[in-house]
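Reading the structure
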Amino acid sequence: MATPTLKELSKKEDRFTHGHRMCSGCGAPIVVKIALMATEYPVVVSNATGCLEVSSCISEFTAWNVPWIHTAFENSAATISGVETMYRSLKKQGKFDQEVKFIGFGGDGGTYDIGFQSLSGAMERGHDMIYICYDNGAYMNTGIQRSSATPLGADTTTCPAGSVIPGKLRNRKNLTKIMAAHDIPYVAQASPSHWQDLFRKVQKAHEIKGPKFINVIAPCNRGWRSKTNDAIQLARLAVNTCYWPLYEIENGVTKITVTPKEKIPVAEFMKPQGRFKHLFSPENEGLLQRVQDEVDKEWAKLLKEAKTD
Amino acid sequence: MAKVVAVTGNEACANALRQVNPDVCGIYPITPQTDMMQRFASYIADGKVDTESILVESEHSSMSACIGASAAGGRVITATSSQGLALMWEMLFIAAGDRLPIVMPVVNRALSAPLNIHGDHSDAMGARDSGWIQLWSENGQEAYDNTIQAFRIAEHMDIRLPIMVCLDGFIISHSIERLEYLEDQEVKDFVGPFKNFLPLLDIAKPKSYGPLILPDMYHEYKRAQHEVMTKVKDVVLDVAKDFEKLSGRKYGILESYRLEDADIAIVILNSAAGTTKDVVDQFREKGIKAGLLKPRLFRPFPYTEIADALKHTKAVCVMDRADSFGGYGPLFMEVSSALYQADKRPAMINKIYGLGGRDYMPSHGAQVLTELNEIAKSGKVNVIKEYIGVRE
């Protein structure tokens, strides 16, 4: 399967169209747009409550050019598993004959936290679907509250950097690895900065039968306290600092799909973001070092896993 | 040809669901419902139905998956009890708001805390404002018949709403009774094929289900939901008429028992109505004009019909197998609202009985009718809400 060029992509019909009300410079709609282009088959989408959902379908308008369903916050995976089950039932009974693909979308709150059980259940049951998390590292829709995807040291409205507590004191949950532990056929981590890699991963996931999970970093300038024009640049820095390594685990085999030419310090990813501003004060030097140590540790682990395999 | 069987309420409902042969079924265990979906799972395993099951990891996911499946376009069922229904609570409103005709037997059970697995109506009463239609069943036969009729009501093109069929935990779900089953083909013909309405799987015409609706239209949307509910009564009666032709069994939106000339009456739901009818007979033998009213349709609530059925009486006791702490029982609140609009209305009391599976005995019914007889004579109510059968 060849990855199309940008020119070719530009000629494809948009399945997630203009007119949505996501913030200027948001990473999430880029992720959705690319993901929906990565198959020629019809796609049915479910969407957890969150930024993407509230901004893309406000009655009586919709930005979705594909069948789309939103029910609640914690159940994007369960909802699409129901759609997929009806599809299988109708197909089995000869009442439906098209080939259709299924995607569940959710932000990190709706995926790592409140939707975690529903996601785990759907993956274990083996539905033929892809779950795509757009991870912006906090509950951005409600106003930047801490989630279990919030990075160590980050300032959010519920773990604010105060005079006593310097932001979030816990490391992020490694959801991609947790999903890999479900022993599903395909798990990947991707970034909109590497759109061809993201496209290829979704394309590949669609070709694999069974449950698939893809975690995609989605910069949020409101929550990250960054500029509105630097989403892609920040996503690239996340990859090049190895804060957000691009890899896939296919049938248990780990492959790093993009290795940074030079692994740069994680501070380069953090500096342009106001949520980490306090970590650059002398008194928080230790915490900043801890962030680097965590990134190094995870990267070393990943290299080992990829090598061993 | 009717087939006479001796089965439990759960078995009867499972058999009705098998006869209907739905497309998708959400399955999750909870006492006392477990046995119903277990039986249904055996039908799937033995190839007796075409249904695809979703063996979910919680009732919340069960209702979420049922909503997804129903929106996709097909006939969907699940069943639950108690904490399971409570966990579904959020999704119940979404199933109704999205106008999805999901059919769900609810085997009524108490709610925690303290934990109790036995029968009362706290679960379904907690879901009464969710926008689901509720049919209540006195015995296994009614549970079976209601389950079959539920599909016709929910899927009616003027309605398209989810529906609960309520039956008492253990008392009905686990007791063996004599029942009459319809033939498989009769049920299939009665229910008919599923008619799709705006299915998500209509790929050529993409639809968005579950939008954000702001204050400019939300209020109108909710009013529309209420207006649909006002059409349910007629559909329930039409479906009951057809069902009577098929089965010989007559159903309405409520059942009046020796009520036409009654001076005193008990209003009661589900299995305890059977016990109370015996007590009513005993009082009639003593020359006391006692009667009973058993609502079958609780949502939408038939206010006018209930008021018409009771307004000639002198004293009424509404018996609730659920409570609203700090308030009257939920059935009492509805019946008194109904009667407030009547020109003439009886004195009214409310008894809370049988919580967490506490036995409801004929002596309890007799105690209530004796008190009502006194109230009818004196016209005086001392205490409006009391607990009966409670240890002091």
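Residues numbered from 1 in each chain as written. Chains lettered and ligands numbered in written order. Predicted model: local features only at pLDDT ≥ 70, side-chain atom pairs only at ≥ 80, totals over all residues.

1. What about the overall build of chain B?
For clarity, the cut-off: Numbered from the N terminus, helices here are DSSP runs of H or I no shorter than four residues, and strands are runs of E no shorter than two. Around each residue's C-beta, the other C-beta atoms within 10 Å are counted; 20 or more make the residue buried, 12 or fewer make it exposed, and counts in between make it partly exposed. All C-beta atoms are placed from the backbone. Working definition of a contact: two residues with C-beta atoms, positioned from the backbone, lying within 7 Å.
Looking only at helices and strands, one finds 13 helices and 16 strands in chain B. Seen through its C-alpha atoms, chain B measures out along the principal axes to roughly 70 × 55 × 45 Å. Buried residues in chain B amount to 54% of all 392 residues. Residue pairs at least 24 apart in sequence account for 80% of intrachain contacts in chain B once pairs closer than 6 positions are excluded.

2. What about the overall build of chain A?
On a plain count of helices and strands, chain A comes out with 12 helices and eight strands. The 309 residues of chain A split such that 53% are buried. Of the contacts formed within chain A by residues at least 6 apart in sequence, a portion of 69% connects residues at least 24 apart.

3. Some details on helix H2 (residues 28-37) of chain A
An α-helical turn contains 3.6 residues, so any two residues separated by three or four positions project in the same direction. With 10 of 10 residues buried, H2 of chain A is to be regarded as a mostly interior element. Considered for burial, the residues of H2 of chain A that qualify are Ala28, Pro29, Ile30, Val31, Val32, Lys33, Ile34, Ala35, Leu36 and Met37 of chain A.

4. Considerations on the interface of chain A and chain B
So the rule is basically this: Under this grouping Gly is polar, as are all residues other than the nonpolar Ala, Val, Leu, Ile, Met, Phe, Trp, Tyr, Cys and Pro and the charged Asp, Glu, Lys and Arg. Strand pairing requires that DSSP identify at least two bridges connecting the strands.
Taken residue by residue, the interface counts 39 residues in chain A and 38 residues in chain B. Of all the secondary-structure elements, those providing two or more residues to the side of chain A that touches chain B are strand S1 (43-47), strand S2 (68-69), helix H4 (76-92) and helix H6 (116-125) of chain A. For the side of chain A that touches chain B, the element with the most residues is H4 of chain A, which contributes 13 residues. Residues belonging to the side of chain A that touches chain B are distributed by class as follows: 19 nonpolar, 17 polar and three charged. Two elements, S2 of chain A and strand S9 (residues 208-209) of chain B, share two bridges in a ladder whose sense is parallel. Considered in S9 of chain B, the bridge of Ile69 of chain A is made with Tyr209 of chain B.

5. Description of the pairing of strand S7 (residues 163-168) of chain B
Residue and element names in this part refer to chain B. Just so we agree on the cut-off: For the handedness criterion, the strands are oriented away from the viewer, and a crossover whose path from the first strand over the helix to the second runs clockwise is classed as right-handed.
Within S7, six of the six residues are buried, which leaves it mostly tucked inside the rest of the structure. Side chains Ile163, Val165 and Leu167 of S7 all project onto a buried face; the interleaved residues Met164, Cys166 and Asp168 project onto the opposite face, where all are buried too. Relative to S7, strand S5 (residues 103-108) is paired through six bridges, and the arrangement is parallel. Bridge pairing in S7 places Asn108 opposite Asp168. Pairing geometry for strand S6 (residues 133-136) and S7, over four bridges, is parallel. Bridging from a neighbouring strand, Gln134 pairs with Met164 of S7. Viewed along the sheet, the connection from S6 through helix H6 (residues 140-155) into S7 turns out right-handed.

6. Details of the packing of helix H1 (residues 9-20) of chain B against helix H2 (residues 34-45) of chain B
All names here are of chain B. We count it as follows: Fitting a line to C-alpha atoms yields each axis, with helices limited to the stretch in contact; the angle taken between N-to-C directions then spans 0 to 180 degrees. Here a crossing is taken to be left-handed if its near helix is turned anticlockwise relative to the far helix by less than a right angle, and right-handed if that turn runs clockwise.
The contact between H1 and H2 brings their axes to 8 Å, and the two run at 40 degrees. Note on packing geometry: the crossing formed by H1 with H2 is right-handed. Contacts from Asn10, Glu11, Cys13, Ala14, Leu17 and Arg18 in H1 reach Asp35, Met36, Arg39, Phe40 and Tyr43 in H2. Residues that form the contact of H1 with H2 fall into these classes: six nonpolar, one polar and four charged.

7. A short note on the sheet that holds strand S7 (residues 246-250) of chain A
In spatial order, the strands read S8(A)-S7(A)-S5(A)-S6(A)-S4(A)-S3(A)-S1(A)-S2(A)-S9(B); together these nine strands make up an open sheet with mixed pairing. This sheet does not close on itself; its edge strands, each paired only once, are strand S8 (253-258) of chain A together with S9 of chain B. H4 of chain A contacts S1, S2, strand S3 (101-107) and strand S4 (129-135) of chain A of the sheet and is inclined by roughly 170 degrees relative to S3 of chain A. Strand contacts of helix H8 (residues 195-207) of chain A: S3, S4, strand S5 (186-190), strand S6 (211-217), S7 and S8 of chain A, with the helix running at about 165 degrees to S5 of chain A, the strand carrying the most contacts.

8. Points about the packing of helix H10 (residues 272-285) of chain B against helix H13 (residues 362-378) of chain B
Packed helices, taken two at a time, are described by their axes: the angle between them and the distance between them. All names here are of chain B. This is how the line gets drawn: If an angle is under 35 degrees, it is roughly parallel; if it is over 145, roughly antiparallel; if it lies from 65 to 115, roughly perpendicular; otherwise it is oblique.
Their axes nearest at 9 Å, the elements H10 and H13 cross at an angle of 50 degrees. Here H10 lies oblique to H13, going by the angle between them. The crossing of H10 and H13 is right-handed. Along its contact with H10, which presents Thr275, Thr276, Asp278, Val279 and Phe283, the element H13 presents Pro362, Gly365, Ala366 and Leu369.

9. Some thoughts on the nonpolar core
Where we set the bar: Residues of type Ala, Val, Leu, Ile, Met, Phe, Trp, Tyr and Cys that are buried and joined through C-beta atoms within 7 Å form what is called a nonpolar core.
Ranked by internal contacts, the top residues of the largest apolar core, which has 215 residues, are Val83, Ile132 and Val216 of chain A together with Ile163, Ala265 and Val267 of chain B. Of the residues forming this core, the biggest block, eight residues, is contributed by H2 of chain A. When sequence neighbours within four positions are dropped, the list of residues in contact with Val216 of chain A reads Val31, Ile132, Cys133, Tyr134, Asp135, Ala190, Ser191, Pro192 and Leu198 of chain A.

10. Examining the pairing of S8 of chain A
Residues and elements named next belong to chain A. Here S7 runs beside S8; their pairing, made up of five bridges, is antiparallel. By the bridge assignment for S8, Ile249 is matched with Thr254. Hairpin remark: S7 followed by S8, antiparallel, with two residues in the connecting loop; positive phi at Asn251, about 45 degrees.

11. Section: the sheet that holds strand S16 (residues 385-387) of chain B
All names here are of chain B. Taken together, the six strands give an open sheet; going across it, the order is S10-S12-S11-S14-S15-S16, and neighbouring strands pair in mixed fashion. The open sheet has two edge strands, strand S10 (254-257) and S16, and neither has a second partner. On average, adjacent strands in this sheet sit at an angle of 20 degrees to one another, irrespective of strand direction. The pairing of S10 with strand S12 (residues 290-295) spans four bridges and is antiparallel. Bridging across to S12, Ser256 finds its partner in Leu293. Running at roughly 165 degrees to S12, H10 makes contact with S10, strand S11 (264-267), S12 and strand S14 (315-320) of the sheet. Contacts between H13 and the sheet are confined to S11, S12, S14 and strand S15 (347-352), with S11 contributing the most and set at about 135 degrees to the helix.

12. Topic: unusual backbone geometry
The peptide bond linking Thr31 of chain B to Pro32 of chain B adopts the cis configuration, its omega dihedral lying at 0 degrees. Mapped onto the elements, Pro32 of chain B comes out in the loop between strand S2 (24-27) and H2. Residue Pro114 of chain B is reached from Ala113 of chain B by a cis peptide bond, and omega for that bond is -5 degrees. Here the phi dihedral of Ile144 of chain A falls at roughly 65 degrees; this positive angle occurs in a residue that is not glycine. Inspection of the secondary structure puts Ile144 of chain A in the loop between S4 and helix H7 (175-180). Given 25 C-beta atoms within a 10 Å radius, Ile144 of chain A is considered buried.

13. Remarks on the domain arrangement of chain B
Residues and elements named next belong to chain B. Definition in use: Domain borders in the structure are assigned automatically or taken from a domain database.
Each assigned domain of chain B is listed with its residue range as follows: domain 1 (3-247) and domain 2 (255-387). Relative to domain 2, the C-alpha centre of domain 1 lies at a distance of 28 Å. Contact with domain 1, which involves 27 residues of that partner, is made by 20 residues of domain 2. Taken together, the elements giving at least two residues each to the side of domain 1 that touches domain 2 come down to helix H5 (122-126), S6, S7, helix H8 (218-230) and helix H9 (232-247).

14. A word on H1 of chain B
All names here are of chain B. Applicable threshold: Working rule for helices: expected span equals 1.5 Å times residues minus one.
Here H1 contains 12 residues, and its C-alpha end-to-end distance of 17 Å stays within 8% of the 16 Å for a straight helix at 1.5 Å per residue. The buried fraction of H1 is high, at 11 of 12 residues. Along H1, the residues that are buried comprise Gly9, Asn10, Glu11, Ala12, Cys13, Ala14, Asn15, Ala16, Leu17, Gln19 and Val20. Phi turns positive one or two residues past the end of H1, at Asn21, with a value near 60 degrees.

15. Structural notes on the environment of Asp158 of chain B
Residues and elements named next belong to chain B. Topologically, Asp158 is positioned in the loop between H6 and S7. The exposure class of Asp158 is exposed, given the 10 C-beta atoms found within 10 Å. Spatially, the C-alpha atom of Asp158 lies 7.5 Å from that of Lys231, the residues being 73 residues apart in sequence.

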